[in-house]
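Residue-level structural notes
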Amino acid sequence: MPRYLSHITQVLLLVISLELGRAQNDPTKFNGGSVLAMAGSNSVAIAVDTRFGLGFQTVHSLGDSDEGNPRIIHLPNSNTLMAWTGLYGDGLSFSEELNMIMGRQFRNEQILSFPNTKRRITGPKSIAMLMSHLLYQRRNAPYYVEPVVVGLESVPIDEVRIDGAAGELRIEDSSSCLQSIIDIARRGQHLLTTTEDGASSQPARVINRKRVQRPFLCTTDMLGAQSTSSSFVASGVASRSLYGTAEALWRPDLSGEELVEVCGRAFLSALERDCLSGYGVVIYLIEGTGDGDARIVEYVLDCR
């Protein structure tokens, strides 16, 4: 073997040993585990593995317990799911503290509210802010966890009508490309349009405002710094592989069943490239029902 090949082999072995040692000594990767969340048209899916280990040694599969996987919890008074990766004991303490704060807030609202008052659902954006505050509050003695919050956020949108010679046009979206039209309608101004007869000014006005449910994905580090996305987020020891497979498979405006299939394929493909995750996958689908509420469906996948 030429001398330069032996040098290259030694350098590669040194880099691999350093990476494995860093992963084993990192508290957030000591117990393993990975999380992947994806957004659909009116739904959001989150996948969690069930492996519990001590470094490179697999101790237990969390999916075998009767209480379910403790790495994911359904927060009270909300249609929001929170999953976490990191040090197992810190994750349990963080989940219990967040559950206690949410439960106390729910009890206070029940005591102070009037009879026959509609129950107010806590949105995932509010829970993400509370979670960031809780993590940053313990910055001197932090929880070694990286949580992921997913849910359906209720947002208002405007229905705009543009009157013209050929009839009327209704717009029921408040996305960034149509935001200028909605701003014009709110001010009561006219919209300049171009037809076959030339340019003309048409009145645009807001005729209705309603609330719809949009997917919300957020992940934070152990100090509470948020990272949101409209497509997918990942956390855990296999996050690099998860971002690669999710980028290759995710498509916008996926339905509920398609979202579960794509999320499962991306998650399983990434777990085949990581030895600290796997041994079972659980996927939770949060799908809007149209009346401001949501339903949560659980899917269990088998893997190595």
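Values in this document were obtained by computation on a predicted structure and should not be read as measured data. (Residues numbered from 1 in each chain as written. Predicted model: local features only at pLDDT ≥ 70, side-chain atom pairs only at ≥ 80, totals over all residues. Heavy atoms only, no water.)

With that settled, consider a nonpolar patch on the surface. A contiguous nonpolar patch, built from F30, L54 and V59 and spanning about 230 Å² of accessible area, is present on the exposed surface. On the secondary structure map, F30 appears in the loop between helix 1 (3-25) and strand 1 (34-39). Note on F30: relative accessible area 31%, which makes it partly exposed. (Patch = residues over 30% accessible without salt bridge, like charges linked within 9 Å, V, L, I, M, F, W, Y side chains within 5 Å. Areas by Shrake-Rupley, 256 points an atom, 1.4 Å probe, with all protein chains shown as cover. Salt bridge = Lys/Arg side-chain N within 4 Å of Asp/Glu carboxyl O. Helix = DSSP H or I, 4+ residues; strand = E, 2+ residues; numbered from the N terminus. Buried < 20%, exposed > 50% of the residue type's maximum accessible area, 1.4 Å probe, protein only.)

Attention now moves to the confidence of the model for the protein. Across the protein, pLDDT averages 76, with 68% of residues at or above 70. Predicted confidence is poor over residues 165-171, with pLDDT under 50, and the contacts of this stretch with residues over four places away or in other chains come to 18 contacts. Scored below 50 in pLDDT, residues 186-201 makes 24 contacts in the model with residues more than four places away or belonging to other chains. (pLDDT = per-residue confidence, 0-100. Contact = heavy atoms within 4.5 Å.)

With that settled, the discussion passes to the nonpolar core. Core analysis: the biggest nonpolar cluster contains 21 residues, and L36, M38, L242 and F267 have the highest contact counts within it. Counting residues per element, the ones that place at least two in this core are strand 1, strand 2 (43-49), strand 12 (232-236), helix 5 (239-249), helix 6 (256-271) and strand 13 (281-288). The element contributing the most residues to this core is helix 6, with eight residues. For L36, the residues in contact, after removing those within four places along its chain, are A45, I46, A47, V233, A234, L242, A246, C263, A266 and F267. Counting 18 residues, the second largest nonpolar core, distinct from the first, contains A37, A39, V44 and I72. (Core = buried A, V, L, I, M, F, W, Y, C linked by side-chain atoms within 4.5 Å.)

Counted by the stated rule, this structure contains five aromatic pairs. Geometrically, the ring pair formed by W84 and Y88 is tilted, given 6.1 Å between the ring centres and 55° between the ring planes. Of the residues examined, W84 reaches a relative accessible area of 0% and is grouped as buried. Between F232 and Y243, the aromatic rings sit 6.2 Å apart at their centres with planes inclined by 50°, giving tilted as the arrangement. (Phe/Tyr/Trp six-rings, centres within 6.5 Å; stacked < 30°, edge-to-face > 60°.)

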